[in-house]
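Chain by chain, the residues run as shown.
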Amino acid sequence: MSVPPFLDLPAAARAVRLSTARGSFAAHVIDPPDAPGDEGTVLLVPGFTGSKEDFIGLLEPLARAGFRVVAVDGRGQFESGGPRAEAAYAQPELARDVLALARTVGGGGRVHLLGHSLGGLIARAAVLADAAPFASLTLLSSGPAEVAPSQRQRLELLLAALSAMPMDDIWQEIRKLDPAPGSEGDAPFPVAEADASRATAAFLERRWMANVPEQLAVTGRQLASEPDRVAELAGVPLPVHVVSGATDDAWPVPLLDAMAERLGARRSVVAGAGHSPNADRPAETARALAAFWHGRDAG
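Residues numbered from 1 in each chain as written. Predicted model: local features only at pLDDT ≥ 70, side-chain atom pairs only at ≥ 80, totals over all residues. Heavy atoms only, no water.

1. Some points on the pattern of salt bridges
Then step 1. In the structure shown here, the tally under the stated rule is 20 salt bridges.
Then step 2. Between Glu 93 and Arg 96 there is a salt bridge; the shortest N-O distance is 2.7 Å. One end of the pair, Glu 93, and the other, Arg 96, are both in helix α2 (residues 91-105), three residues apart, so they sit about a helical turn from each other.
Then step 3. Within the structure, one salt-bridge network assembled from shared partners comprises Arg 22, Arg 75, Glu 93, Arg 96 and Asp 97. (Salt bridge = Lys/Arg side-chain N within 4 Å of Asp/Glu carboxyl O. Helix = DSSP H or I, 4+ residues; strand = E, 2+ residues; numbered from the N terminus.)

This is the structure we're talking about:
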């Protein structure tokens, strides 16, 4: 799971609810300082078990680069909520949500769309359905098809648990496999850092418990069975950016390299980052994103 580098919103950012033709979505929004956002609007779509907080480290640097930034919780994720019906979370439905969000936040202009992991698969589906609202597509740690075999095995365990166990019991099992920061008792670092770590652990549990189980089940199956749609996307006349960390346990980095080649896409690798460069190395990730959206060479 993505772990936000911190939880407090930058002073210039605000938590809002966005009303769209597809319903209401929780979001974080930040505008450029002393500027109207002439560089455009960026829409950030989180991954599986994630939320808008996964992008919190990108908000301020991207705003300083001149962009209006909107990070959302998708349908059934954290603070957006959603129905207890699996049909609501089919990929075409989630793609329609992204299209509605883009039309709402774009203000008549085209939007730079970024999807992280599962969010990249949903963003790709939105672009394939209708590319008109978008100025570009960034696939952040999101691959060409289903996730790697090791991750499919973990998804199978989670899917089985979702059908048999309450969410709080599943969380306890997740903690055993992937301990949350601050969940192991007293931390061997200063009190302020220990308090921050415990706050992050509490947030991760609260976010998990707020997810709609049916959303997790359907999108988990999507991750385990997504077809390769790279050839379709390559036929869309839209600039594409493939970004990842130097390592990735969901899609191997060489696979992401090959996908970028097939797409004729910009390729950026964030040193020192894993599957969530937005959380692991937000400043470096923001620089690579802004360079692409400005039309400059990231190097």
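2. Digging into the pairing of strand β2 (residues 23-30)
Then step 1. Of all eight residues making up β2, six are buried, and the element is well covered by its neighbours.
Then step 2. Summarising the sheet, strand β1 (residues 14-20) and β2 pair through seven bridges and their orientation is antiparallel. From the neighbouring strand, Ala 15 faces β2, where its bridge partner is His 28.
Then step 3. Joining the antiparallel neighbours β1 and β2 is a turn of two residues.
Then step 4. Judged from the four bridges that link them, β2 and strand β4 (residues 68-72) form a sheet pairing that is antiparallel. For Ala 27, the partnering residue across the bridge sits in β4 and is Val 72. (Buried < 20%, exposed > 50% of the residue type's maximum accessible area, 1.4 Å probe, protein only. Pairing = 2+ DSSP bridges.)

3. Quick look at the nonpolar core
Then step 1. In terms of nonpolar packing, the biggest core is built from 61 residues, with Leu 43, Leu 113, Phe 134 and Leu 263 touching the most fellow members.
Then step 2. Aside from chain neighbours lying at most four places away, what touches Leu 43 is Val 70, Val 72, Val 98, Leu 101, Ala 102, Val 111, His 112, Leu 113 and Leu 114.
Then step 3. Core analysis: the second largest hydrophobic core is formed by 23 residues, Val 42, Ala 63, Ala 71 and Leu 140 among them. (Core = buried A, V, L, I, M, F, W, Y, C linked by side-chain atoms within 4.5 Å. Contact = heavy atoms within 4.5 Å.)

4. A closer look at helix α9 (residues 253-263)
Then step 1. What α9 keeps buried is the set Val 253, Leu 256, Met 259, Ala 260 and Leu 263. Down the axis of α9, the smallest arc covering the buried residues is 115 degrees, so these residues share one side. Along α9, the residues that are exposed and aim more than 90 degrees away from the buried face are Pro 254 and Glu 261.
Then step 2. Contacts made by the buried residues of α9 are with β6 (134-140), α8 (230-234), β7 (240-245) and β8 (266-270).
Then step 3. Gly 264, located one to two residues past α9, shows a positive phi value of around 65 degrees. (Arc of directions from axis to C-beta.)

5. Things to note about the environment of Glu 214
Then step 1. Within the secondary structure layout, Glu 214 lies in helix α7 (residues 213-225).
Then step 2. Along the chain, Glu 214 and Ala 102 lie 112 residues apart, while their C-alpha atoms are 25 Å from each other.
Then step 3. Once residues within four sequence positions are removed from consideration, Glu 214 is found in contact with Arg 84, Ala 85, Glu 86 and Tyr 89.

6. A short note on the side chain of Thr 219
Then step 1. Checked against the element boundaries, Thr 219 lands in helix α7.
Then step 2. Within the structure, the side chain of Thr 219 is placed 2.7 Å from the backbone oxygen of Gln 215, a separation counted as a polar contact.
Then step 3. Dropping the residues within four chain positions of it, Thr 219 is found in contact with Phe 48, Tyr 89, Leu 94 and Leu 118. (Polar contact = N/O pair within 3.5 Å; in protein donor to acceptor, adjacent residues only side chain to side chain.)

7. Comments concerning the environment of Leu 58
Then step 1. With respect to the helices and strands, the residue Leu 58 is situated in helix α1 (residues 56-64).
Then step 2. Separated by 220 residues in the primary sequence, Leu 58 and Asn 278 place their C-alpha atoms 6.6 Å from one another.
Then step 3. In this view, Leu 58 contacts Asn 278, Pro 282, Thr 285, Ala 286 and Leu 289; residues no more than four positions away in its chain are not counted.

8. Some details on α2
Then step 1. With 15 residues, α2 ought to run about 21 Å at 1.5 Å a step, and its terminal C-alpha atoms sit 21 Å apart, in line with that.
Then step 2. All of the buried residues along α2 are Gln 91, Leu 94, Ala 95, Asp 97, Val 98, Leu 99, Ala 100, Leu 101, Ala 102 and Val 105.
Then step 3. Phi for Gly 107, located one or two positions after α2, is positive at around 60 degrees. (Expected span 1.5 Å × (residues − 1).)

9. Some remarks on the packing of helix α4 (residues 149-162) against helix α5 (residues 167-177)
Then step 1. As a packed pair, α4 and α5 sit with axes 10 Å apart at the nearest point and diverge in direction by 155 degrees. For the element pair α4 / α5, the angle class is roughly antiparallel. The way α4 lies across α5 gives a crossing that is right-handed. When α4 is examined against α5, the residues Arg 154, Leu 158, Ala 161 and Leu 162 are found in contact with a partner set consisting of Met 167, Ile 170 and Leu 177.
Then step 2. Here the contact of α4 with α5 is built from residues that sort into six nonpolar, no polar and one charged. (Axes fitted to C-alpha atoms, helices over the stretch in contact; angles between N-to-C directions. Parallel < 35°, antiparallel > 145°, perpendicular 65-115°, else oblique. Left-handed = near helix turned anticlockwise from the far one by under 90°. Nonpolar A, V, L, I, M, F, W, Y, C, P; charged D, E, K, R; others polar.)

10. A few points about the side chain of Ser 136
Then step 1. Along the chain, Ser 136 turns up in strand β6.
Then step 2. Assessed through its relative accessible area of 2%, Ser 136 is described here as buried.
Then step 3. One polar contact links Ser 136 to His 112, side chain to side chain, over a distance of 2.8 Å.
Then step 4. Side-chain polar atoms of Ser 136 contact the side chain of Trp 293, separated by 3.3 Å.

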